[in-house]
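Reading the structure
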Amino acid sequence: MSEEIVEDMLEEVAPQAAGDYLEIAQRYKAGEELTDEELDTIADVAISIFRSILSHFDAANSPIDEYEGDEGELILDVTAPDLAVLIGRHGRTLDALQVMFSLLVSRKLGFRYPVVVDVEGYKSRRQDKVASMAQSAAERAVRTHKSVSLPPMNAYERRLVHIALRGNDAVDTHSEGSDPDRHVVIVAR
């Protein structure tokens with residue numbers, strides 16, 4: 001997207017200074033459980049922003065599924081023809097979209113709530129693949145008694161590896177290197 005479009009979108013979602021979402025923000029920051037109505041409000045804001053982004057790809061009316069993720073995050077998954085451009089090579093465009101989208105939602109709400117955007121289930125499929133890769137590498141580390149380095153991954157995918165193996169008492173995980181070559185190392189205990 002061009003810089004002009006991003007600037008226009010930032011203006012559209014001006015921060016809510018002591019505005020509509022202050023009470024929700026205070027409850028969320030205090031660690032209180034949000035009501036279904038408050039969660040619906042957050043979802044409505046996020047979907048509105050997502051539709052605004054999709055309008056630049058002639059996909060504003062595309063169906064968006066919303067559901068809760070394993071870690072309590074709100075996941076918005078859009079399905080429409082010709083949206084592969086939003087995924088990009090190895091999901092890099094989708095990663096960039098996620099960063100911009102999170103910024104826009106946080107700015108509109110006045111606080112950061114975890115909302116994930118997905119296109120045609122790409123992140124869900126990638127999550128399954130990363131978890132499977134982590135399990136295989138952990139088995140190899142235990143079998144060979146050597147550390148196993150996974151290929152470089154973005155922060156989200158490295159986190160998926162750590163989560164996938166946190167219940168495995170036979171291995172430890174840690175990240176090494178610096179971006180874009182940062183990767184997870186799995187070590188047998």
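See the structure above.
First, a word on what this report is: a plain description of the structure on this page. Each chain has its residues counted from 1, following the order in which its sequence is written. Local features are withheld for residues below a pLDDT of 70 in this predicted model, meaning they are given only at 70 or higher, and side-chain atom pairs are given and counted only at 80 or more; totals for whole chains, interfaces and linings count all residues. With hydrogens and water set aside, each side-chain value is computed from the structure's full complement of heavy atoms.

**Brief notes about the nonpolar core**
Judged by nonpolar contacts, the single largest core of 35 residues is most densely connected at Phe 50, Leu 76 and Phe 101. Helix numbering and strand numbering both begin at the N terminus, where a helix is a DSSP run of H or I of at least 4 residues and a strand a DSSP run of E of at least 2. Among the elements that take part in this core, helix H3 (residues 36–55) stands out by supplying 9 residues, more than any other. Those residues in contact with Phe 101 that lie beyond four places of it in its chain are Ala 46, Ile 49, Phe 50, Ile 53, Leu 76, Val 115 and Val 117. Put simply, a nonpolar core is a bunch of buried Ala, Val, Leu, Ile, Met, Phe, Trp, Tyr and Cys residues held in one set by side-chain atoms that sit within 4.5 Å of each other. For the exposure calls, accessible area comes from a 1.4 Å probe over protein chains only, and a residue counts as buried if that area is under 20% of its type's maximum, exposed if over 50%, partly exposed in between. In terms of nonpolar packing, the next biggest core, distinct from the first, is built from 14 residues, Ala 134, Ala 137, Leu 150 and Ile 186 among them. Residues are treated as being in contact if the distance between any of their heavy atoms lies within 4.5 Å.

**Digging into the sheet that holds strand S2 (residues 74–78)**
In this description, strands pair whenever DSSP reports at least two bridges between them. The 3 strands lie next to each other as S1-S2-S3, forming an open sheet whose pairing is mixed. This sheet does not close on itself; its edge strands, each paired only once, are strand S1 (64–68) and strand S3 (115–119). Averaged over all pairs of adjacent strands, the angle between strand axes in this sheet comes to 20°, irrespective of strand direction. With 5 bridges joining them, S2 and S3 adopt parallel strand pairing. In the sheet register, Val 78 faces S3, and the bridge partner there is Val 119. To get an axis, a line is fitted to the C-alpha atoms, and for a helix only the part in contact is used. The angle between two axes follows their N-to-C directions and goes from 0 to 180 degrees. Of the strands in this sheet, S2 and S3 are in contact with helix H4 (residues 92–109), which crosses S3 at around 145°.

**Quick word on unusual backbone geometry**
For the peptide bond that leads from Asp 179 to Pro 180, omega is 5°, which places it in the cis range. Mapping Pro 180 onto the fold places it in the loop between strand S5 (171–176) and strand S6 (183–188). Even without being glycine, His 90 reaches a positive phi, approximately 55°. Relative to the elements of secondary structure, His 90 occurs in the loop between S2 and H4. A relative accessible area of 55% means that His 90 is categorised as exposed.

**Side note on the pattern of salt bridges**
For side chains bearing opposite charge, pairing can occur when the charged atoms are close. When a carboxyl oxygen of Asp or Glu lies within 4 Å of a side-chain nitrogen of Lys or Arg, that pair is called a salt bridge. Counted under the stated rule, the structure contains 7 salt bridges. Salt-bridge contacts for Arg 159 lead to Glu 71; the nearest nitrogen and oxygen are separated by 3.8 Å. Taken as a pair, Arg 159 in helix H6 (residues 155–165) and Glu 71 in the loop between S1 and S2 lie far apart in primary sequence, 88 residues in all. A relative accessible area of 39% means that Arg 159 is categorised as partly exposed. Asp 172 serves as the salt-bridge partner of Arg 189, at 2.7 Å between the closest nitrogen and oxygen. Of this pair, Arg 189 sits in the segment after S6 while Asp 172 sits in strand S5, and the two are 17 residues apart along the sequence. On the accessibility criterion, Arg 189 (61% relative accessible area) is exposed. Residue classification places Asp 172 among the partly exposed residues on the basis of a relative accessible area of 37%. One connected set of salt bridges, linked through shared partners, spans Arg 27, Glu 32 and Glu 38.

**What about the environment of Val 115?**
With respect to the helices and strands, the residue Val 115 is situated in strand S3. Considering only alpha carbons, one finds Val 115 and Gly 72, 43 residues apart in sequence, at a separation of 9.4 Å.

**Describing the packing of aromatic side chains**
A ring pair, where both rings are aromatic, is described by two values, the distance of the centres and the angle of the planes. Centres within 6.5 Å are what make two rings of Phe, Tyr or Trp a pair, Trp counting through its six-membered ring; a difference in plane orientation under 30 degrees is then read as stacked, over 60 as edge-to-face, and the rest as tilted. According to the stated counting rule, one finds 3 aromatic pairs in the structure shown. Judged by centre distance (5.5 Å) and plane angle (40°), the rings of Tyr 28 and Phe 111 are tilted. Here Tyr 28 is found in helix H2 (residues 22–29), whereas its partner Phe 111 is found in the loop between H4 and S3, with 83 residues between them in sequence. When its relative accessible area of 30% is taken as the criterion, Tyr 28 is described as partly exposed. For Phe 111, a relative accessible area of 4% puts it in the buried group. With centroids separated by 5.1 Å and ring planes inclined at 55°, the aromatic side chains of Tyr 28 and Tyr 113 adopt a geometry described as tilted. Of this pair, Tyr 28 sits in helix H2 while Tyr 113 sits in the loop between H4 and S3, and the two are 85 residues apart along the sequence. Among the aromatic residues, those joined into a ring-pair cluster are Tyr 28, Phe 111 and Tyr 113. Over the aromatic face of Tyr 156 sits the side chain of Lys 123, whose NZ or CZ is 5.6 Å from the ring centroid. For a Lys NZ or an Arg CZ to count as sitting over a ring, it must be within 6 Å of the ring centre and within 35 degrees of the ring normal.

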